[in-house]
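Structure assessment
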Amino acid sequence: MEMEMEMEMEMDREMEGRRQSSTKGGNFYCEDSTVDWRGKLSNPHNHGGMRAAAFILGLQAFEIMAIAAVGNNLITYLINEMHFSLSESANIVTNFVGTVFLLALLGGYLSDSFLGSFWTMLIFGFVELSGFILLSVQAHLLQLKPPKCNMLVTNGAPPCEEAKGFKAFIFFAALYLVALGSGCVKPNMIAHGGDQFNQNNPKQLKMLSTYFNGAYFAFSMGEFVALTLLVWVQTHSGMDVGFGVSAAAMAMGLISLVCGTLYYRNKPPQGSIFTPIAQVFVATILKRKQICPSNPQILHGSQTTDSGSLPHTQRLRFLDNACIKVEDGNNIKESPWRLCTVNQVDQVKILISVLPIFACTIVFNTVLAQLQTFSVQQGSAMNTQLTKSFHIPPASLQAIPYVILIILVPLYDTFFVPFTRKFTGHESGIPPLQRIGLGLFLATFSMVSAALMEKKRRDLAVHSKEIISIFWITPQFLIFGLSEMLTAVGLIEFFYKQSLKGMQAFLTAVTYCSYSLGFYLSSLLVSLVNKITSSSSNVGWLSDNDLNKDRLDLFYWTLAVLSFLNFIHYLFWARWHSLSPFVSTSQTNGTHGEDLNQYDHRFSSSKRTSDESIP
């Protein structure tokens, strides 16, 4: 009897999905079947929604809390206890953060292809936890660190011994265990949270937008606690205790993840996600000499009208050669490596089309890298005294924007989004591409503010021997915090909503690659600037450990110019992405069902717009 009831529930579920799909016409989104923790079809009344997403937000807050406390104060640990130079320490930090985000691709691939988001997060969450524990042990045992030494004392004192050999090996092994775990967990937190909402349901589509803002709120809370409480613990109780607290925070995050097991909607892995993509490129090369027909209905698979069909785009038409069926009279079925469907080709076109948007955020994250390295050193060279007995840890300066964002993000989602939704008709208020563009524009002024302040700080320190208050660098953090709220959330929402079947985690991981490349570019710029400026003078802009001798202000001006040029570059690609026409297979078939996920293709229209539509 119970089995019959369960079968009826499953059939009702399938019928409801079909009914929703039939009302969508040529639905742009591919809604995969989701299952519960036992592998059975999920029930919309018991699984998914904001209740399930809340457990994932808990993991996100604790995970970012754990790793931010390490990453944002790591440069101080490298200089004071591991005895690396300033420039080398900055590069270690940026390379570590860059590796975290680069490994997000591995996490996205494993999730979509083999493990699923939940198991990927659980497995690599424990890998990250083991890294934090090993870091705490390394920081606690004196035999795993070089002898204590003051790096700032240079007159007549022997040089400090830099960590090498086994000591360096243990440190980097622990650090990159954290990088591996965090990198594989990060994209799956966003993707698994997004999977809790059915994009075919207009109400849940609005809740999905709320979730993305909630994810950034959880991120801001984690950063705030890390940059205040945990950094204070590191400063006053030692980095060994600080790393231990990070381990405890990560353990709490894993507990939050496991507690939501009964409520999750899980998307089963689809097998290798790269095989269908590779088939399109191989088939395109093999049929490169074929003449593509002007009528897309002749292409293989174009007659399919199921709910997973994508609008066929005339962009990148050379890929359509993969859909040309060879008529040789033998009626032999062609290999999938020689003949692909239109839907398969259009998914590859989506991947290629979003890459320019991704590339335009790399310089933005190079700016972010400076706020986690050189700006911390700026704070160390300023007056950190708040009261007679309390000094602000320089790394805690980065908590300033998050204090504001903890207030602004709920207000943004509660008041600003519904207000702008009335004018744009977009469930997110401001379409993702416009939100990204505004964030990139503000990033330029963050570097302008940093350059002006550093010039003032340096001039007063060198000429008047005056040390100004650390609060002078507040504006650069505040401006960038607003910029990051717009850019980061807009980019994740834009990529997650692209209609690539079974690739949400991997696409989310692609957004994190922007962080990775940005931090790697930061390391390259530091080395390049030092080399170029040293060739025209005896000392490079960033070649000394003393900021009063370096020219960090000129480096910030360089980044401000690069950031503005990047914004102009972004405007071109955003407009190209929004204005290109498309031909929908559903339209050529004569169906005119309303597609709730297709929007007007103008970048700054007052009508219902969506920058994530792929023409």
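Residues numbered from 1 in each chain as written. Predicted model: local features only at pLDDT ≥ 70, side-chain atom pairs only at ≥ 80, totals over all residues. Heavy atoms only, no water.

**Examining unusual backbone geometry**
Phi angles above zero are rare outside glycine, and lysine 465 is one such case at about 55 degrees. Turning to its location among the elements, lysine 465 is positioned in the loop between α15 (432–463) and α16 (474–496). Here lysine 465 falls in the exposed class, since its relative accessible area comes to 70%. (Helix = DSSP H or I, 4+ residues; strand = E, 2+ residues; numbered from the N terminus. Buried < 20%, exposed > 50% of the residue type's maximum accessible area, 1.4 Å probe, protein only.)

**Comments concerning the packing of helix α6 (residues 117–140) against helix α7 (residues 165–194)**
The interhelical angle for the contact between α6 and α7, taken along N-to-C directions, is 150 degrees, at an axis separation of 7 Å. As judged from the angle between their axes, α6 and α7 are roughly antiparallel. Handedness of the α6/α7 crossing: left-handed. The class makeup of the residues in the contact of α6 with α7 is 18 nonpolar, ten polar and two charged. (Axes fitted to C-alpha atoms, helices over the stretch in contact; angles between N-to-C directions. Parallel < 35°, antiparallel > 145°, perpendicular 65-115°, else oblique. Left-handed = near helix turned anticlockwise from the far one by under 90°. Nonpolar A, V, L, I, M, F, W, Y, C, P; charged D, E, K, R; others polar.)

**Regarding the confidence of the model for the protein**
Taken over all residues, the pLDDT of the protein has a mean of 77, while the share at 70 or more is 80%. Put simply, helix α19 (residues 585–588) is where the protein has its lowest mean pLDDT, 36, and α6 is where it has its highest, 93. Overall, residues 10–32 carries pLDDT values under 50, and its contacts beyond four positions in sequence, including any with other chains, amount to 56 contacts. Below pLDDT 50 for its whole length, residues 581–615 participates in 116 contacts with residues either more than four positions away or in separate chains. (pLDDT = per-residue confidence, 0-100. Contact = heavy atoms within 4.5 Å.)

**A few points about the packing of aromatic side chains**
Counted under the stated rule, the structure contains 24 aromatic pairs. On the basis of an interplanar angle of 5 degrees and a centroid distance of 4.9 Å, the ring pair of tyrosine 109 and phenylalanine 274 is categorised as stacked. Here tyrosine 109 is found in helix α5 (residues 104–115), whereas its partner phenylalanine 274 is found in helix α10 (residues 274–286), with 165 residues between them in sequence. Since its relative accessible area comes to 35%, phenylalanine 274 is described here as partly exposed. Centroid distance tryptophan 573 to tryptophan 576: 5.3 Å. Interplanar angle 85 degrees. Geometry classified as edge-to-face. Of this pair, tryptophan 573 and tryptophan 576 are both found in helix α18 (residues 552–579), three residues apart, which corresponds to roughly one turn of the helix. (Phe/Tyr/Trp six-rings, centres within 6.5 Å; stacked < 30°, edge-to-face > 60°.)

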